[in-house]
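Listed below are the residues making up each chain.
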Amino acid sequence: MQSLLNPHLASMEEYTPIQPFEVLSRRLGIPVNEIVKLDANENPYGPHPAVAEALAEYAYYHIYPDPQQTELREALSAYLGTPAEYILPSHGADELLDYLCRLFLVPGDAIINTPPTFGMYSFDAKLAGAEVIDAWRGDGYHVDVDAICQLAHAPVPKLLFLTSPNNPSGTWLPDDDLRRLLELPLMVVLDEAYVEFAAAKSRARWVLEYDNLVVLRTFSKAAGIAGLRLGYGIFPAWLMPYLWKFKQPYNVNVAASVAGLASLRHANEMGSIVEKIKAERDRLFRALQTVPYLFPFPSSANFVLCRVERWEAAALKLALEQRGILVRYYHKPGLENCIRISVGRPEQTDRLLAELRRLA
Ligand SMILES: Cc1ncc(COP(=O)(O)O)c(C=O)c1O
């Protein structure tokens, strides 16, 4: 029966998600509320209290959601300053990555990826049977614009995935670089999952200017509702009819939509939490510079990537884990012996730093 499977799936590597909180808590024998979870770039403050209130008060969980998400799209339009006709909410930004790959790619097509970066671009492209052409990031994990310009023509790739700030490096893609890349004859997907934490502004409104740009955003990070799965994309007008045709009718559940609307009603308070996280990131970065075996990279996001010396990053991750502190570790091209630490609450940073110093 296996021979009936889609052949390109057999050779694909699995996506390795991080272990769920409760599973880890059981494995480590540490209660969930004592674990310092700095491994998935989640918001340590969670959502605004109005989210829980709105979810408790909502009376129509037995009714299917609005497939067009009219109210949420209008609220997003006011928040972004972009017409609602350009906006499509989703089951997390991840869902839109999958949609884009399946909308544009057939086996034999190609995408350009800029590793080291978020793993879902190459994963979804491979799922669609496409080839992944890598334009490796250069010094400081900056996008190599010249290399991409050379790769963009032969064999012609259809999609270019960019992330700003990039995960896991936290690198910002400057406006001039993005403008050059938008001149290329392909669709540019700009993933702005962490844009709220950057000093510079979102390029969501550029979609009105460029018909080959898609910008993806999420409520998982700044709004703190990763568990509810809510993202959205800003798409050029010509692409929207295809997305409407293509998408699952009820891709956004009512709880996500109620939570998203409540978050947007409190956008200012959300902004204050983001400012708190940015200040804590800067403190974390400075403190990590003083840990003798860590070399942190400046970050525009809610995490800091560090190169590790004198320790195997995997062993360091395990040593921290045994002390109830979770970080992400990498050992792959471009990320040799690295850990990524998400920004937590100040007391979590203090606990992390104390353990890092003890392990020196
Ligand atoms: C760069 C990037 N894009 C997208 C996502 C996924 O976003 P969502 O939770 O909205 O699916 C993540 C999650 O970590 C990410 O790092």
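Residues numbered from 1 in each chain as written. Predicted model: local features only at pLDDT ≥ 70, side-chain atom pairs only at ≥ 80, totals over all residues. Heavy atoms only, no water.

Asker: Any chance you could break down the overall build of the protein for me, citing the residues and the numbers?
Answerer: In terms of regular secondary structure, the protein is built from 13 helices and 13 strands. Taking 2.2 N^0.38 as the reference for a compact globule, 360 residues should give roughly 21 Å; the C-alpha atoms of the protein span a radius of gyration of 21 Å, in line with that estimate. In terms of its C-alpha atoms, the protein occupies a principal-axis envelope of roughly 55 × 55 × 50 Å. Across the protein, contacts joining residues at least 24 apart in sequence account for 71% of those joining residues at least 6 apart. Per element, the accessible surface of the protein, about 16,400 Å² overall, is 54% carbon and sulfur. Positive and negative side-chain charges in the protein, numbering 35 and 42 respectively, have mean positions lying 4 Å apart. (Helix = DSSP H or I, 4+ residues; strand = E, 2+ residues; numbered from the N terminus. Rg over C-alpha atoms; globule rule 2.2 N^0.38 Å. Contact = heavy atoms within 4.5 Å. Areas by Shrake-Rupley, 256 points an atom, 1.4 Å probe, with all protein chains shown as cover. Lys, Arg positive; Asp, Glu negative; His and termini not counted. Charge placed at Lys NZ, Arg CZ, Asp CG, Glu CD.)

Asker: Could you give an account of the pattern of salt bridges, with specific residues and numbers?
Answerer: Under the counting rule described, the total for this entry stands at 19 salt bridges. Notably, a salt bridge pairs Arg-27 with Glu-321, separated by 3.0 Å at the nearest N-O pair. Of this pair, Arg-27 sits in helix α2 (residues 21-28) while Glu-321 sits in helix α12 (residues 313-322); the two residues are 294 residues apart in sequence, bridging distant segments of the chain. Its relative accessible area of 4% is what places Glu-321 among the buried residues. Here Lys-37 and Asp-39 are joined by a salt bridge, their closest N and O atoms 2.8 Å apart. The exposure classification of Lys-37 matches that of Asp-39, with both residues buried. Each of Arg-27, Lys-317 and Glu-321 takes part in a single network of salt bridges with overlapping partners. (Salt bridge = Lys/Arg side-chain N within 4 Å of Asp/Glu carboxyl O. Buried < 20%, exposed > 50% of the residue type's maximum accessible area, 1.4 Å probe, protein only.)

Asker: Give me the environment of Leu-9: which residues, what numbers.
Answerer: Secondary-structure assignment places Leu-9 in helix α1 (residues 7-10). For Leu-9, a relative accessible area of 34% puts it in the partly exposed group.

Asker: Go over the pairing of strand β12 (residues 328-332), please, and point to the residues and values.
Answerer: In the sheet, β12 pairs with strand β13 (residues 335-342) via 4 bridges, with the strands oriented antiparallel. When the bridges of β13 are listed, Arg-328 appears paired with Arg-340. (Pairing = 2+ DSSP bridges.)

Asker: A description of empty space enclosed by the protein should follow, citing residues and the corresponding values.
Answerer: This structure, assessed with the given rule, holds 1 cavity of 30 Å³ or more. In this model, the largest cavity occupies a volume close to 60 Å³. Around the largest cavity, the lining residues are Leu-76, Tyr-79, Glu-196, Thr-218, Phe-219, Ala-222, Ala-223, Tyr-232, Leu-264 and Met-270. Tallied by class, residues from the lining of the largest cavity come to 8 nonpolar, 1 polar and 1 charged. (1 Å grid on protein atoms, 1.4 Å probe; cavity = no way out; pocket = protein on both sides within 12 Å on 5 of 7 lines; lining within 4 Å. Points joined across faces, edges and corners; volume = space filled by probe spheres on them. Nonpolar A, V, L, I, M, F, W, Y, C, P; charged D, E, K, R; others polar.)

Any functional reading would require information beyond the geometric quantities listed.
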